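Remarks on the overall topology
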Amino acid sequence: MMDDLYPSPDGLTASLISERDGTPAPGEARDDGPLFVARVGCPVCGADRPATLYDATYDSPAVLRHVDSHYRRQGKVDHSLLRGVDFTIFECRDCALIYQKMVPAPAMLHHLYDRFIDPEKLKDHEHARLTLDNHLDVATRLASLLVRIGKEPKDATLLDFGFGYGRWARVAVGMGMQVFATEISPEKIAFARSIGVRIVDESALARMQFDIVHTEQVFEHLTHPVEVFDMLARCIGPGGVLKLAVPRQGRIRQLLRRNGFIDWSPYEKDFRCGAYNDYNAVLPLEHLNAFCRKTVESLARRHDLVVETGRYGGNAVFLDASSRGRFLASARHSARRLLKDLYVRVGPGRADTGCYVLARRA
């Protein structure tokens, strides 16, 4: 669980798993309806000739333990809901998207975000992230987008799609931007309004345009990413941009080939796992899609957009000299941002940056 992760439980359409002899099929609850649906073809380009990177079930020891490890601190896993469900990871040979074949249906999403992930624990987790360093980091990245569009905050509009608990939106409001978001939860709608965010219905987006369309850790969760991308691409105003930030694919191909699936989650170790952090790209149940630059360029061509490498804030150095500890911490933080920017802009990460800015052709 990283950044603002809430996917929408609406709009799932795919082949349903059928019942046999009155017994729920794998992954299907008798009362709630199908818990999983199978995606047919690549959910980005539609090609149907994938390479199989990994093939097991949620019952297999490694996947079962990985799921337990990931949600241990977040809620309670009900393995009966996962019984016999395929856990197959494909790679599209055309656009290089890595994606899971079986995805949670609306009924399973309710279990996932009410039980596997305790909403109160999630709220506490998000609240704990509202640190000084976090606000500086978000403000720096938003500033780079404002520089890109050539506008001052007071003159800019931003759509925060994937609002969550407003980690990005509240900083944008504080900078002076007009901030909009989509949300269906009454609690989150009330919270959004309390911090100055205007809630709009998704149906209204077809008639609206924004200087910055902002998505942070959203597209990896979507069963149908193309439908959402098309909706958001149409919202880009003249001279505006769409920011798309997702987990990097990294070395997940090599890791799966060498190790198969590991029986623990990098999340439980706070992502201090070196190369093994890249298993986050294919997190069971949640990270349904793993993008690279080639995949994003496939999406961009649908609307004649140009793909640029997003910035991680390395262009701005902030040093806090209020104390020795703060100075060292701020220096480390600035150095990490700079090295990450160098890695994705001039280093080997150019084809898989994890942060993309899409703009209309001049």
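Computed from a prediction, not measured in an experiment: that's the story for all the values here. (Residues numbered from 1 in each chain as written. Predicted model: local features only at pLDDT ≥ 70, side-chain atom pairs only at ≥ 80, totals over all residues. Heavy atoms only, no water.)

Comments concerning the overall build of the protein
Secondary structure assignment for the protein yields 10 helices and 16 strands. Residues counted as buried form 56% of the 362 residues belonging to the protein. For the protein, the proportion of contacts with a sequence separation of at least 24, taken over those separated by at least 6, is 76%. Surface exposure of the protein reaches about 16000 Å², of which carbon and sulfur atoms provide 52%. (Helix = DSSP H or I, 4+ residues; strand = E, 2+ residues; numbered from the N terminus. Buried < 20%, exposed > 50% of the residue type's maximum accessible area, 1.4 Å probe, protein only. Contact = heavy atoms within 4.5 Å. Areas by Shrake-Rupley, 256 points an atom, 1.4 Å probe, with all protein chains shown as cover.)

Some details on the sheet that holds strand β6 (residues 86-91)
Here four strands make up an open sheet; going across it, the order is β5-β6-β7-β14 and the pairing antiparallel. Each end of this open sheet is capped by a strand with a single partner; those strands are β5 (51-57) and β14 (289-290). Where strand β7 (residues 98-100) lies against β14, two bridges are found, and the strand directions are antiparallel. Counterpart to Ile98 in the pairing with β14 is Ala290. (Pairing = 2+ DSSP bridges.)

Digging into the pairing of strand β10 (residues 178-181)
Where a strand is regular, its side chains alternate between the two sheet faces. Relative to β10, strand β9 (residues 157-160) runs parallel, the two being bridged by four bridges. Bridged to Asp160 within β10 is Ala181. In this fold, β9 hands off to helix α5 (residues 169-175), which returns the chain to β10; that crossover is right-handed. Bridge analysis of β10 against strand β11 (residues 198-199) gives two bridges, and the strand direction is parallel. By the bridge assignment, Phe180 is partnered in β11 with Arg198. A crossover links β10 with its parallel partner β11, the connecting element being helix α6 (residues 186-194), and its sense is right-handed. (Right-handed = clockwise from strand over helix to strand, strands pointing away.)

Overview of the state of the cysteines
Following the criterion strictly, the structure yields zero disulfides and no others. Free of any disulfide, Cys45 has its nearest cysteine sulfur in Cys92, 3.4 Å distant. (Disulfide = S-S within 2.5 Å.)

Remarks on a nonpolar patch on the surface
Taken together, Val317, Leu319, Phe327 and Leu328 make up a surface patch of nonpolar side chains, about 350 Å² in accessible area. Within the element layout of this structure, Leu319 appears in the loop between β15 (305-309) and α10 (324-345). Assessed through its relative accessible area of 45%, Leu319 is described here as partly exposed. (Patch = residues over 30% accessible without salt bridge, like charges linked within 9 Å, V, L, I, M, F, W, Y side chains within 5 Å. Salt bridge = Lys/Arg side-chain N within 4 Å of Asp/Glu carboxyl O.)

So, the packing of aromatic side chains
A complete count under the given rule lists 15 aromatic pairs for this structure. Centre to centre, the rings of Tyr54 and Phe87 are 6.1 Å apart; their planes meet at 65°, and the pair counts as edge-to-face. Of this pair, Tyr54 sits in strand β5 while Phe87 sits in strand β6, placing them 33 residues apart in sequence. Accessibility assignment for this pair places Tyr54 and Phe87 in one class, buried. Between Phe87 and Phe261, the aromatic rings sit 5.1 Å apart at their centres with planes inclined by 75°, giving edge-to-face as the arrangement. You can see Phe87 sitting in strand β6 and its partner Phe261 sitting in the loop between α8 (252-259) and β14, a full 174 residues away along the chain. In this structure, Phe87 and Phe261 share a single accessibility class: buried. Each residue in the set Phe36, Tyr54, Tyr58, Phe87, Phe261, Trp264, Tyr276 and Tyr279 is aromatic and connected to the rest through ring pairs, giving one cluster. Over the aromatic face of Tyr165 sits the side chain of Lys188, whose NZ or CZ is 4.7 Å from the ring centroid. (Phe/Tyr/Trp six-rings, centres within 6.5 Å; stacked < 30°, edge-to-face > 60°. Lys NZ or Arg CZ within 6 Å of the ring centre and 35° of its normal.)

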